[in-house]
Amino acid sequence: MAETDSESHFEEERLHHSHAGRYVWVWAALMILTGLTYWLSRFHFPGGWAVTVALVIASAKGTLVALFFMHLWDQRGANRLVFVTSLVFVALLVGLTIADNATRFPLANPPGSLGGWPASSMPQGGMPPAGEAR
Amino acid sequence: MPASTTHVAHHFESLEKQTHAARLGMWLFLATEVLLFTALFAAYAVYRYLYSPTFAEASRSLTTWIGAVNTLVLVTSSLTVAMGLNAVMQGKPRRTAVLFGVSVLLALVFLGFKYVEYSHHFQTGELPGKYYHGEVQGAGASLFYTLYFLITGLHGIHVVIGMCVLAVVGTLSWMGRFGAEYHTPVELAGLYWHLVDLIWIFVFPLIYLI
């Protein structure tokens, strides 16, 4: 493992420099953001906005914890890489599973055949009725 | 440096390299923890998508302020853990022990609130799977509580494990095993606790708010 001078110097500095002030600021921000997301949840945003707002605030809080409480801000690349890689897999696992469920439709076989719509429910010359889609 | 030679295992060149290796190993472990919870979050996301109205109604039936207060409690316990690492780095391991003790007490407050919630669910029949006989009806209502208990239960187990780790490391710190030179266990215990906090930061909006 190649160790550069600046990194060693940085680690050395971490040993003697107090981070107490930084921790208190991060804690204050986390408390305020928790209050904000609780307050905003009382309003009924249309569509998917409630989810979006809640998750954006949660991500902001999570970033603060990972960067400052967990010291990713002043640590070297390998630890960051491991954590960011895990987040990539979080996005893949949640994103692809949702995308799968959101894009399912009954098989497009001919009406009345196996995997197709029952012959009677097929409207004249068109797509199956939307209500049958789930 | 006498302190650094006594703590270095023979297969490491220096304390610094050993610390880097320990830290990287901890981060790899934390990544597997993230993926463990992600499996449950993915299941939650799918069923919330498929049964949105029922999940929204069931979510509203939870006591939101308890979730919010528990978030504040965990965030504060993370601060005391971070301050504990700061104290040992300044050569004050006894202060670290006290701060970790405060964190353990805050974790007990968190579990106390969870106990209040769980006993309420048990009384009103909001139980997982086939045992569900709560007020919210419709397909997906029992699924919501199945996932609720799985996610908060797994997180609760992590809180208990984290409390034990903090108690042990705090005790060792009080006994003077760590100092400004060597404090890797204090740092790694802190990392674990911050991850428990980090996961709750996402559990809270997903289960209580949306």
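Residues numbered from 1 in each chain as written. Chains lettered and ligands numbered in written order. Predicted model: local features only at pLDDT ≥ 70, side-chain atom pairs only at ≥ 80, totals over all residues. Heavy atoms only, no water.

Caption draft 1: Just the overall build of chain B, in detail. For chain B, the helix and strand inventory stands at seven helices and zero strands. Its helices and strands in sequence order give chain B the pattern α-α-α-α-α-α-α, from N to C terminus. For chain B, the spread of C-alpha atoms along the three principal axes comes to 65 × 30 × 25 Å. Residues classed as buried in chain B amount to 56% of the 210 residues present. (Helix = DSSP H or I, 4+ residues; strand = E, 2+ residues; numbered from the N terminus. Buried < 20%, exposed > 50% of the residue type's maximum accessible area, 1.4 Å probe, protein only.)

Caption draft 2: Main features of the interface of chain A and chain B. Listed per partner, the contact involves 49 residues of chain A and 49 residues of chain B. Surface buried jointly by chain A and chain B totals about 4300 Å² across both partners, of which 76% is contributed by carbon and sulfur atoms. Joining chain A to chain B, the criterion identifies zero salt bridges. Counting every contact that joins chain A to chain B gives five residue pairs in polar contact (both at pLDDT 80 or more). (Contact = heavy atoms within 4.5 Å. Buried area = accessible area lost by both parts, 1.4 Å probe. Salt bridge = Lys/Arg side-chain N within 4 Å of Asp/Glu carboxyl O. Polar contact = N/O pair within 3.5 Å; in protein donor to acceptor, adjacent residues only side chain to side chain.)

Caption draft 3: Seen up close, the environment of V46 of chain B. Mapped onto the fold, V46 of chain B is located in helix α2 (residues 15-50). Look at V46 of chain B and you get buried, because its relative accessible area is 8%. Ignoring any residue separated from it by four or fewer positions in sequence, one finds V46 of chain B in contact with T97, I98 and N101 of chain A.

Caption draft 4: View of helix α5 (residues 93-124) of chain B. Its 32 residues place the ends of α5 of chain B 47 Å apart at the C-alpha level, agreeing with the 46 Å of an ideal helix rising 1.5 Å per residue. Just beyond α5 of chain B, the residue with positive phi is G125 of chain B, at close to 75°. (Expected span 1.5 Å × (residues − 1).)

Caption draft 5: The arrangement of the side chain of H121 of chain B in detail. For H121 of chain B, the position within the fold is in helix α5. Other than its neighbours up to four places away in sequence, H121 of chain B contacts L62, E126, Y145, Y148 and F149 of chain B.

Caption draft 6: View of the confidence of the model for chain A. All names here are of chain A. In the predicted model, chain A carries a mean pLDDT of 79, and 72% of its residues have values of at least 70. When the elements of chain A are averaged for pLDDT, helix α1 (residues 5-16) gives the smallest value, 52, and helix α2 (residues 20-40) the largest, 95. A low-confidence stretch, residues 1-5 stays under pLDDT 50, and its non-local contacts, those more than four residues away or across chains, total seven contacts. (pLDDT = per-residue confidence, 0-100.)

Caption draft 7: Geometry of α2 of chain A. Taking 1.5 Å per residue, 21 residues should reach 30 Å; α2 of chain A reaches 30 Å between its end C-alpha atoms and fits that length. Lining the buried residues of α2 of chain A we find α3 (49-69) of chain A together with α4 (64-89) and α7 (184-209) of chain B.

Caption draft 8: The arrangement of the pattern of salt bridges in detail. Residues and elements named next belong to chain B. Enumeration over the complete set of coordinates arrives at five salt bridges over all chains. Its salt-bridge partner being E187, residue R23 comes within 2.7 Å of it at the nearest N-O pair. With a gap of 164 residues between them, R23 in helix α2 and E187 in helix α7 connect regions that are remote in the sequence. Exposure class is identical for R23 and E187. Each is buried. In this structure, K114 engages E117 in a salt bridge whose closest nitrogen and oxygen atoms are separated by 2.7 Å. Here E117 and K114 lie together in helix α5, a separation of three residues that amounts to about one turn. Residue classification places K114 among the buried positions, given a relative accessible area of 5%.

Caption draft 9: Layout of unusual backbone geometry. Its identity as a non-glycine residue notwithstanding, H71 of chain A has a phi of 65°, on the positive side. Within the secondary structure layout, H71 of chain A lies in the loop between α3 and α4 (77-102).

Caption draft 10: Broad picture of the nonpolar core. Ranked by internal contacts, the top residues of the largest apolar core, which has 83 residues, are M70 of chain A together with F144 and I207 of chain B. For this core, the leading source of residues is α7 of chain B, giving 18 residues. (Core = buried A, V, L, I, M, F, W, Y, C linked by side-chain atoms within 4.5 Å.)

Caption draft 11: Local environment of a nonpolar patch on the surface. There is a patch of nonpolar side chains on the surface, built from V84, V88, F89, L92 and L96 of chain A together with L35 of chain B and spanning about 530 Å² of accessible area. Per-element tally for the nonpolar patch: the top contributor is α4 of chain A, with five residues. Within the secondary structure layout, L96 of chain A lies in helix α4. (Patch = residues over 30% accessible without salt bridge, like charges linked within 9 Å, V, L, I, M, F, W, Y side chains within 5 Å. Areas by Shrake-Rupley, 256 points an atom, 1.4 Å probe, with all protein chains shown as cover.)

Caption draft 12: Representation of the packing of α4 of chain A against α2 of chain B in the model. Two elements in contact, α4 of chain A and α2 of chain B, have axes whose closest approach is 9 Å; the angle formed by their N-to-C orientations is 15°. As the angle between them shows, α4 of chain A and α2 of chain B are arranged roughly parallel. In the crossing of α4 of chain A with α2 of chain B, the sense of the turn from one axis to the other is right-handed. The residue makeup of the contact of α4 of chain A with α2 of chain B, split by class, is 21 nonpolar, five polar and one charged. (Axes fitted to C-alpha atoms, helices over the stretch in contact; angles between N-to-C directions. Parallel < 35°, antiparallel > 145°, perpendicular 65-115°, else oblique. Left-handed = near helix turned anticlockwise from the far one by under 90°. Nonpolar A, V, L, I, M, F, W, Y, C, P; charged D, E, K, R; others polar.)

Caption draft 13: The arrangement of the packing of aromatic side chains in detail. Applying the stated criterion to the full structure yields 21 aromatic pairs over all chains. With 5.3 Å between their ring centres and 35° between their planes, F68 of chain A and W73 of chain A make a pair best called tilted. For the ring pair Y148 of chain B and F149 of chain B, a centre distance of 5.2 Å and an interplane angle of 85° mean the geometry is edge-to-face. Across this residue pair, the class does not change: Y148 of chain B and F149 of chain B are buried. Members of the aromatic cluster, each reached through a chain of ring pairs, are Y44, F55, Y118, F122, Y132, F144, Y145, Y148 and F149 of chain B. Against the face of W174 of chain B rests R94 of chain B, its NZ or CZ located 4.1 Å from the ring centre. (Phe/Tyr/Trp six-rings, centres within 6.5 Å; stacked < 30°, edge-to-face > 60°. Lys NZ or Arg CZ within 6 Å of the ring centre and 35° of its normal.)

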